[in-house]
Amino acid sequence: MIQHVVVVGAGVIGLTTAVGLAETGHRVDVVAAEPPRATTSAVAGALWGPWLVEPRERVLPWAAHTLKILRELAEHPNSGVRMATGIEVSRTSYEPPDWAGLLPDRTPCASGALPPGYRHGFRYSAPLVDMPVHLDYLLARLRAAGGTVTIQRLTALNQASADPHAVIVNCSGIGARRLVPDSDLFPIRGYHVVATNPGLTEFLEADTEDPVDLLAIYPHRDHVVLGGTAEPEVWDRRSDDAIAAAIVDRCARLEPRLAAATIIEHRVGLRPTRAAIRVEAERSAVGRLIIHNYGHGGAGVSLSWGCAQEVASLLANVARATDDGRPA
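Colleague: Hey, could you run me through the packing of helix H1 (residues 12–22) against helix H3 (residues 131–144) in this one?
Modeller: Packed helices, taken two at a time, are described by the angle their axes make and the gap between the axes. Closest axis-to-axis distance for the H1/H3 pair is 9 Å, and the angle between their directions is 30°. Here H1 lies roughly parallel to H3, going by the angle between them. By crossing handedness, the relation of H1 to H3 is classed as left-handed. Judged by residue contacts, Val12, Leu15, Thr16, Ala18, Val19 and Ala22 of H1 engage Met131, His134, Leu135, Leu138, Leu139, Arg141 and Leu142 from H3. Of the residues assigned to the contact of H1 with H3, the class counts are 10 nonpolar, 2 polar and 1 charged.

Okay, here's the thing in structure tokens:
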């Protein structure tokens, strides 16, 4: 059954969900408070890896499906996705994450391949996404499939469409705290610095043993994204020269070529975080079908296509139940 679907939110979760539904024939309209390049997704470091999100029994299948699709998109230069190789390192030993088995080339680093002061690490290849380019790519696919995007700030989900039969898919990220409302959702501010690329081709993620001040280097063709921070309950999206300088300093200690790089821009976003990602359907007080898809923390890119697939399945299940005369 073809449905009229209104997706709330134009970040990577919203656009990916909208593309998946529009390309299977649904009429899809996106309503968002901000255009794609102004969302938190646009400032993400965006190396695939579903860290620190629950529930794991759902996260791993979502991550595996997303990995498959991103690998396919890496074959298309205009997608913003490429398969990158690099290392993650730590001063202390640690167990590989549960998703390590999805990366067949993930192997321990030889001691000579580790940065000074680091004793443990793994080398692997994974999708690395240039997010502004990727969001443009998703937007183009959505429009090619007949979808629309309207920039409008909502105060309630039901405002997304005047059509009482439209299904609302809530991909509003941190906005869901107010729109649902969901008081279990909170921001973790992420801060990245974009600099000119001095010739780096491999990514590097280092354990700083500090949950707030992170260290990551994500190179793209003409620029490099340097991270970062993870600051719980911080809502401020303004740039801060002191934070940016500290990020560059941390990264330059491991990669001295970065000390002479020119800063291009600051990128600040609010990771929408909760104890468990919410992907489920419900009926509103007025009987409208709402499918929630939010709370992905810093793993939105890593789970985007898997969660979009689940939303499509939820929508199909509701349609089948309706056709069979069962309550939906």
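Moving on, there is more to tell.
Colleague: Please clarify how unusual backbone geometry should be interpreted in this entry.
Modeller: Working note: non-glycine residues mostly have negative phi, and peptide bonds are mostly trans. In the segment running from Val180 into Pro181, the intervening peptide bond is cis, with an omega of -10°. With respect to the helices, strands and loops of the structure, Pro181 is situated in the loop between helix H4 (176–179) and strand S8 (186–196). Of the consecutive residues Gly227 and Gly228, the connecting peptide bond is found in the cis state with omega at -5°. Along the chain, Gly228 falls in strand S11 (residues 223–229). In this model, Ala46 sits at a positive phi of 65°, which is unusual for a non-glycine residue. Take Ala46: it is sitting in the loop between strand S2 (27–32) and helix H2 (56–73). In this structure Ala46 comes out as buried when scored by relative accessible area, which is 10%.

Colleague: Mind showing me how you'd approach the pairing of strand S3 (residues 81–90) here?
Modeller: On a regular strand, each side chain points to the face opposite its neighbour's, so the side chains alternate between the two faces of the sheet. Of all 10 residues in S3, 7 are buried, a share of seventy percent or more. Of the pairings in the sheet, the one linking S3 to strand S5 (residues 120–129) comprises 10 bridges and is antiparallel in character. Paired with Ser90 across the bridge in S5 is His120. Of the strand pairs in this sheet, S3 and strand S9 (residues 203–206) are connected by 4 bridges, and their pairing is parallel. Within S9, the residue paired with Ile87 across the bridge is Leu204.

Colleague: When you look at the pattern of salt bridges in this model, what are you seeing that I'm missing?
Modeller: As enumerated under the stated definition, the model contains 18 salt bridges in all. The shortest N-O distance in the salt bridge between Arg141 and Glu23 comes to 2.6 Å. Of this pair, Arg141 sits in helix H3 while Glu23 sits in the loop between H1 and S2, placing them 118 residues apart in sequence. Bridged by salt links that share partners, the residues Arg278, Glu280 and Glu282 form one connected network.

Colleague: Mind showing me how you'd approach the packing of aromatic side chains here?
Modeller: The geometry of an aromatic ring pair is captured by two quantities: the separation of the ring centres and the angle between the planes. In this structure the tally under the stated criterion is 4 aromatic pairs. The interplanar angle of 80° and the centroid separation of 5.4 Å between the aromatic rings of Trp48 and Trp99 together place this pair among those described as edge-to-face. In this pair, Trp48 is assigned in the loop between S2 and H2 and Trp99 in the loop between S3 and strand S4 (107–108), connecting sequence segments 51 residues apart. Taken as a pair, Trp48 and Trp99 share a single burial class, namely buried. Arranged with centres 5.7 Å apart and planes meeting at 70°, the rings of Tyr94 and Phe122 form a pair that is edge-to-face. Of this pair, Tyr94 sits in the loop between S3 and S4 while Phe122 sits in strand S5; the two residues are 28 residues apart in sequence, bridging distant segments of the chain. With relative accessibility at 27%, the residue Tyr94 sits in the partly exposed group. The buried category is assigned to Phe122, whose relative accessible area is 14%. Connected via pairs of aromatic rings, a cluster forms that spans Trp48, Trp51 and Trp99.

Colleague: Please clarify how the environment of Ile263 should be interpreted in this entry.
Modeller: Here Ile263 shows up in strand S13 (residues 263–283). Take Ile263: its relative accessible area is 41%, and that puts it in the partly exposed class. Between the C-alpha atoms of Ile263 and Val248, which are 15 residues apart in sequence, the distance is 9.0 Å. Setting aside chain neighbours within four positions, we find Ile263 in contact with Val193, Val194, Ala195 and Val248.

Colleague: How should I be thinking about the nonpolar core in this particular structure?
Modeller: Here is a general trend for soluble globular proteins: nonpolar side chains tend to be buried in one another's company. By size, the foremost hydrophobic cluster in this structure holds 59 residues, and its most contacted members are Val169 and Leu303. Here the element with the most residues in this core is helix H6 (residues 300–323); it accounts for 8 residues. Excluding residues that lie within four positions of it along the chain, Leu303 makes contacts with Pro50, Val53, Val59, Trp62, Ala63, Thr66, Ile277 and His296. Counting residues in hydrophobic clusters, the runner-up holds 25 residues, among them Ile217, Ala244, Val248 and Ala261.

The rules behind each value
Residues numbered from 1 in each chain as written. Predicted model: local features only at pLDDT ≥ 70, side-chain atom pairs only at ≥ 80, totals over all residues. Heavy atoms only, no water. Axes fitted to C-alpha atoms, helices over the stretch in contact; angles between N-to-C directions. Helix = DSSP H or I, 4+ residues; strand = E, 2+ residues; numbered from the N terminus. Parallel < 35°, antiparallel > 145°, perpendicular 65-115°, else oblique. Left-handed = near helix turned anticlockwise from the far one by under 90°. Contact = heavy atoms within 4.5 Å. Nonpolar A, V, L, I, M, F, W, Y, C, P; charged D, E, K, R; others polar. Buried < 20%, exposed > 50% of the residue type's maximum accessible area, 1.4 Å probe, protein only. Pairing = 2+ DSSP bridges. Salt bridge = Lys/Arg side-chain N within 4 Å of Asp/Glu carboxyl O. Phe/Tyr/Trp six-rings, centres within 6.5 Å; stacked < 30°, edge-to-face > 60°. Core = buried A, V, L, I, M, F, W, Y, C linked by side-chain atoms within 4.5 Å.

Such coordinate-based values are descriptive only and should not be taken to indicate function.
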